[in-house]
Amino acid sequence: MALDRKHIRYARVVAGVVVLSGAVLLILRGHWAVGAVLGAGTLWALSRRRSVPVIVYHAVTPDASWLPWGANVAVRPEVFRAQMETLARTGWEVVPDDRLFGGQLDPRKRQLALHFDDAYHNVFVHARPCLERLGFPATVFASTDFIDPSQGVRGADTTRGYMNAEELRAMDGDGLFKIGCHGKDHVLGPVPGPMMARDPATWGPETAHLWYYMPGNKARWFEQAPPGITPIPDSQSVLVARLLTPQGQETEAQRSARVRADLSAARSLMSRLLGREVVDFCWPFDRVSDAALADARAVGFAHFTGGRQDNPGNRPVETVSRTHVHDHAAGFAPLWVELLVFRARVEIAAGNLLWSPISWAASARRRLSGQFPRFGRRI
Ligand SMILES: [Zn+2]
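Conventions used here
Residues numbered from 1 in each chain as written. Predicted model: local features only at pLDDT ≥ 70, side-chain atom pairs only at ≥ 80, totals over all residues. Heavy atoms only, no water. Buried < 20%, exposed > 50% of the residue type's maximum accessible area, 1.4 Å probe, protein only. Helix = DSSP H or I, 4+ residues; strand = E, 2+ residues; numbered from the N terminus. Arc of directions from axis to C-beta. Contact = heavy atoms within 4.5 Å. Axes fitted to C-alpha atoms, helices over the stretch in contact; angles between N-to-C directions. Parallel < 35°, antiparallel > 145°, perpendicular 65-115°, else oblique. Left-handed = near helix turned anticlockwise from the far one by under 90°. Nonpolar A, V, L, I, M, F, W, Y, C, P; charged D, E, K, R; others polar. Salt bridge = Lys/Arg side-chain N within 4 Å of Asp/Glu carboxyl O. Core = buried A, V, L, I, M, F, W, Y, C linked by side-chain atoms within 4.5 Å. Domains from an automatic or database assignment.

**Observations concerning helix α10 (residues 290–298)**
Residues lying three or four places apart along an α-helix face the same way, a consequence of the helix completing one turn every 3.6 residues.
Next, step 1: For α10, the complete set of buried residues consists of Ala292, Leu293, Asp295 and Ala296. Projected down its long axis, α10 shows its buried positions confined to an angular sector of 155 degrees, all on one face.
Next, step 2: In this structure, the buried side of α10 is in contact with α9 (252–274) and β11 (303–304).
Next, step 3: Gly300 occupies a position one or two residues after α10 and carries a positive phi of about 115 degrees.

**Details of the packing of helix α4 (residues 77–89) against helix α11 (residues 335–350)**
Next, step 1: The N-to-C vectors of α4 and α11 enclose an angle of 50 degrees; their axes lie 10 Å apart at closest approach. Between α4 and α11, the angle is such that the two are oblique. Seen from above, α4 lies across α11 with right-handed handedness. Along its contact with α4, which presents Val79, Ala82, Gln83, Met84, Thr86 and Leu87, the element α11 presents Leu335, Glu338, Leu339, Phe342, Arg343 and Val346.
Next, step 2: In terms of residue class, the contact of α4 with α11 is made up of eight nonpolar, two polar and two charged.

**Re the pattern of salt bridges**
Next, step 1: Per the counting criterion, the structure on display carries 27 salt bridges.
Next, step 2: Of the charged contacts in the structure, one is a salt bridge between Arg260 and Asp295, with a shortest N-O distance of 2.8 Å. Of the two residues, Arg260 is situated in helix α9 and Asp295 in helix α10; the sequence distance between them amounts to 35 residues.
Next, step 3: A residue is classified by how much of its surface remains accessible, and Arg260, at 35% relative accessible area, is partly exposed.
Next, step 4: Asp295 sits in the buried class, given a relative accessible area of 1%.
Next, step 5: Within the structure, one salt-bridge network assembled from shared partners comprises Asp148, Arg154, Glu167, Arg220 and Glu223.

**Examining the environment of Ser237**
Next, step 1: Turning to its location among the elements, Ser237 is positioned in strand β7 (residues 232–237).
Next, step 2: For Ser237, a relative accessible area of 1% gives the class buried.
Next, step 3: Not counting residues within four places of it along the chain, the set of residues in contact with Ser237 comprises Val187, Leu188, Pro284, Phe285 and Arg287.

**Concerning the nonpolar core**
Next, step 1: Ranked by size, the top nonpolar core spans 76 residues in total, and within it Leu114, Phe116 and Trp221 carry the most contacts.
Next, step 2: Ignoring any residue separated from it by four or fewer positions in sequence, one finds Phe116 in contact with Tyr57, His58, Val60, Phe80, Val123, Ala127, Leu131, Ala138, Thr139, Val140 and Phe141.
Next, step 3: Membership of the second largest hydrophobic core comes to nine residues, among which are Val95, Phe101, Ala113 and Val320.

**Regarding the domain arrangement of the protein**
One widely used convention gives an interface's size as the accessible area the parts lose upon coming together.
Next, step 1: Structurally, the protein comprises domain 1 (5–47) and domain 2 (54–184 + 279–346).
Next, step 2: Of note, the centres of domain 1 and domain 2, computed from C-alpha atoms alone, are 36 Å apart.

Set out below in structure tokens:
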């Protein structure tokens, strides 16, 4: 199995610090030329871009309080706009992810792709105009059970919930954006394991577990009372897990048959809705297994998220790795700090590890503030 890019980056930083220390020692002992060449070579190696970043957003909204995971995935519209303008100002070219899957890029050229998961309506309202103004393409991933049932394109008065079919079609049809499939129900389903107590009066961190008990369209879940179930069994992404059913735990063959049926239905619905074949698939919670990948391929998907390696850019790939962006990256801080950390995260995603100390300091400051507890699972 290939090593996770996070581990490779860690090893590169450790090796870089060791060699840089050696270079400093050499200089201190009077070996100026050797030390300088070694130091410069190490800095060059640490800064070399080797991966095309795919930056992932979720909600772009001034008020994410309706989402239990809002503090971890939402970005304020003014911060989002400033981040996009920072990309433009610092020479980044935002490209359609089709060129990344097709191997038509160069990781040394400051090219990146943008993704938006879950197809929140606030992305339609707050992110789309900014992206259109800058000419930045993006892919938006929608789960079919979370397509809002309303009719017509809605404006900024709708602050909660998900895009409807017409809004998805409008984005997909305008030439700049592409809609991909985020599965059918974005659910965590029950698996054998410990039972978890929960507050039956609130949705809380177990929201995606509770969706399992809501068959059909779930786009307005936040307007309904949560299922009063407690305790609930341990859970896992329904696409990769052999679920616990009243008849016992699924066999692998049953899991595969269920997943193929769900993914096939989701792909057909999205393809019908958009009037074209949908081949882009984004794994909910970033959870994927070799068996689930085989299921998704079998029903016709061809482009996937959930990678763990660098995105080479200059050769075709089936799966891309992504970097998640959230607001308050360094805790509560001025906008210039937010943008500095954003630049660091993008550069690190590209493989330029000289920005690592800024990212580490930001994460530590955010954690130490105590204001942003980690939400258990990525949505
Ligand atoms: Zn999602």
